[in-house]
Amino acid sequence: MKSHLIFIGAPGSGKGTQAGKFVADKGFKHISTGDLLRNEIAKKSALGLEVKKVMDEGKLVSDELVIRLLQANIDLQSSQYIFDGYPRNIAQAQALDSEVLKGSPSISVYFEINTDKLVERLTNRRTCGNCGAIYNLISKKPKIEGTCDQCGGTNLVQRTDDKEDVIKNRLKVFQDTVSPVLKYYQDLGRLVRVDAEQFPDVIFNLISSKV
Ligand code: AMP
């Protein structure tokens, strides 16, 4: 059986871009807990209303709620997954193993990057509201301004938590919580580190060689 992938990295380190490549080229399914939560907010569900304030401040949603959402949205028997944005702390890493993967093989990939560069990257990030394609107004502009290259949609939006003060808080939360998660996977011999400042195709080939 092939391995699932667990992407760990600061906001803006390129996890979403790589996930898009693995979906398109290798048939993985991408599951982002951030996307699942944003969908709930867009639907104005009870859960969405509960989490909106926490997310707008760049804080973490409760472990219990996120694992429930994750379990409701995956079918490990039928697909090979990329977990993006989960786990965010050691309790989530343990829950992923014991309550979701239950022995299915997985490899964790850590996207290493100098976080000083990320504020600029994130304030310039735009996402297609229709298909989810990711752009950067400096380094990866759409060919026609305001129009998605992939689907032609004209709703390129900035995430509400991609504002400078919230970004700084999200980066701090990440830095405060990531070390034990890396140690957890390192100790289990399931951690691969990639230099997230390399070109996307180089990173893609490196990760591909591990699964
Ligand atoms: P992301 O799209 O991964 O940057 O996540 C956006 C926001 O969603 C985070 O700042 C958190 O508020 C929330 N979130 C996403 N994934 C998790 C998670 N695994 N645990 C707790 N909160 C999460």
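Criteria and thresholds
- Residues numbered from 1 in each chain as written.
- Predicted model: local features only at pLDDT ≥ 70, side-chain atom pairs only at ≥ 80, totals over all residues.
- Heavy atoms only, no water.
- Core = buried A, V, L, I, M, F, W, Y, C linked by side-chain atoms within 4.5 Å.
- Buried < 20%, exposed > 50% of the residue type's maximum accessible area, 1.4 Å probe, protein only.
- Helix = DSSP H or I, 4+ residues; strand = E, 2+ residues; numbered from the N terminus.
- Contact = heavy atoms within 4.5 Å.
- Phe/Tyr/Trp six-rings, centres within 6.5 Å; stacked < 30°, edge-to-face > 60°.

Let us now look at the nonpolar core. Judged by nonpolar contacts, the single largest core of 54 residues is most densely connected at L5, F7, I8, F83, L96, Y185 and I207. Here this core takes eight residues from helix α7 (residues 164–187), the largest share from any one element. Leave out the neighbours within four places in its chain, and Y185 touches I6, I8, P87, A93, L96, S108, R190 and L191.

With the rule as written, the count across this model stands at six aromatic pairs. Each ring, one from F7 and one from F22, has its centre 6.4 Å from the other, and the planes form 80°; the classification is edge-to-face. Residue F7 is located in strand β1 (residues 4–9), and its partner F22 is located in helix α1 (residues 15–26); the two are separated by 15 residues in the primary sequence. On the basis of relative accessibility, which here comes to 1%, the residue F7 falls in the buried class. On the basis of relative accessible area, F22 is assigned to the buried category, the value being 0%. By the ring-pair criterion, three or more aromatic residues cluster together here, those being F7, F22, F28, F111 and F204.

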